[in-house]
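Residue-level structure breakdown
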Amino acid sequence: MSRLLSDDEVSTQLRELPGWRREGDALVATVEAPDFPAAIRIVDAVADEAEQMNHHPDIDIRWRTTSWLLTTHDAGGLTQLDIELAHRISAAARTHGATLGA
Ligand SMILES: C[C@H](O)[C@H](O)[C@H]1CNC2=NC(N)=NC(=O)C2=N1
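Every chain is numbered on its own, with residues counted from 1 as its sequence reads. Only residues with pLDDT of at least 70 are given local features in this predicted model, and only at 80 or more are side-chain atom pairs given and counted; all residues enter the totals for whole chains, interfaces and linings. To obtain the side-chain values, all non-hydrogen atoms of the structure were used and water was disregarded.

Turning our eyes to something else, we now look at the layout of surface pockets. Rolled over the atoms, a probe sized like a water molecule indicates the empty space that remains. Approximately 170 Å³ is the volume attributed to the largest pocket. Residues are said to line a cavity or pocket when one of their atoms sits within 4 Å of a point; the points come from a 1 Å grid over protein atoms alone, cavities being sets where a 1.4 Å probe fits but cannot get out and pockets being open sets with protein on both sides within 12 Å along at least five of seven lines. Lining of the largest pocket is provided by Ser2, Asn54, His55, His56, Thr71, Thr72, His73, Asp74 and Leu81. Residue classes in the lining of the largest pocket are distributed as 1 nonpolar, 7 polar and 1 charged. Grid points are joined across faces, edges and corners, and a volume is the space filled by probe spheres set on the points. Gly falls in the polar group here, along with every residue not listed as nonpolar (Ala, Val, Leu, Ile, Met, Phe, Trp, Tyr, Cys, Pro) or charged (Asp, Glu, Lys, Arg).

Here you go:
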């Protein structure tokens, strides 16, 4: 699960991740929640998923906007763990009425 992905593998899988983009060795996205409590609920939901995966995002929280950066530190780049976590973040955002924009 933690081998580095090729550029083609990343770009192919990004097609299934609207609102996400690649920045070097990371995937990034911003999530606009309806309000601050919803933003925190999204962070809380992802925290449980990340802990279960043992794979953790970098998160910046500013009122309703959360910014997410995913990379696999142990591998020094992007792995399938980052793709999987991006899907889980997108799902948590949808559940809490938020929208994604890269
Ligand atoms: C020992 C190592 O810290 C753990 O295996 C996990 C913790 N969470 C992690 N999260 C991320 N994003 N990358 C890692 O390499 C990583 N490693």
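Lining the immediate surroundings of the ligand are Asn54, His55, His56, Thr71, Thr72, His73 and Asp74. One of the side-chain N or O atoms of asparagine 54 is found 3.1 Å from an oxygen atom in the ligand. In protein, a polar contact means a hydrogen-donor-capable atom and an acceptor-capable atom, both N or O and within 3.5 Å, with residues adjacent in sequence counting only if both atoms are side-chain atoms; elsewhere, any N or O pair within 3.5 Å suffices. Between the ligand and the protein, one listed contact pairs a nitrogen atom with a backbone N or O atom of threonine 71 at 2.7 Å. For the ligand, whose free accessible area comes to 390 Å², the fraction covered by protein is 65%. A majority-of-atoms criterion places the ligand in the largest pocket. Counted by class, the shell around the ligand contains no nonpolar, 6 polar and 1 charged residues. Whether a residue is near a molecule or strand depends on its heavy atoms: it is near if one of them lies within 4 Å of it. Note on areas: Shrake-Rupley, 1.4 Å probe, and residue coverage restricted to the protein chains presented here. If over half the atoms of a molecule are within 2 Å of the grid points of a cavity or pocket, the molecule is regarded as sitting in it.

On to the pairing of strand β2 (residues 26-32). Across the 7 residues of β2, 5 count as buried, placing the element largely inside the fold. Two strands make a pair as long as DSSP finds a minimum of two bridges between them. Secondary structure elements follow DSSP: runs of H or I of four or more residues count as helices, runs of E of two or more count as strands, with numbering from the N terminus. As defined by bridge partners, strand β1 (residues 21-23) adjoins β2 across 3 bridges and the pair is classed as antiparallel. Along β2, the bridge assignment pairs glutamate 23 with alanine 26. Counting the residues that bridge the hairpin from β1 to β2 gives 2 residues, and of these glycine 24 lies at a positive phi of roughly 65 degrees. The sheet contact formed by β2 and strand β4 (residues 65-70) spans 6 bridges and is antiparallel. Paired with alanine 29 across the bridge in β4 is tryptophan 68. Exposure categories follow from relative accessible area, calculated using a 1.4 Å probe and restricted to protein chains: below 20% of the type maximum is buried, above 50% is exposed, and the middle band is partly exposed.

On to the packing of aromatic side chains, then. Classification of ring pairs uses Phe, Tyr and Trp, with its six-membered ring standing for Trp, and accepts pairs whose centres are within 6.5 Å; under 30 degrees between planes counts as stacked, over 60 as edge-to-face, and the remaining range as tilted. Per the stated rule, a full pass over the model turns up 0 aromatic pairs. In our convention, an over-ring charge means Lys NZ or Arg CZ found within 6 Å of a ring centre and within 35 degrees of that ring's normal. The aromatic ring of tryptophan 63 is capped on one face by arginine 64, whose charged end is 5.2 Å from the ring centroid.

Further remarks concern the pattern of salt bridges. Salt bridges are counted wherever a side-chain nitrogen of Lys or Arg sits within 4 Å of a carboxyl oxygen of Asp or Glu. Here the structure, examined in full by the defined rule, presents 7 salt bridges. A salt bridge links aspartate 7 to arginine 22, with the nearest nitrogen and oxygen atoms 3.1 Å apart. Taken together, the residues span a long stretch of sequence, with aspartate 7 in helix α1 (residues 7-14) and arginine 22 in strand β1 at a distance of 15 residues. According to the relative accessible area criterion, aspartate 7 is exposed, its value standing at 55%.

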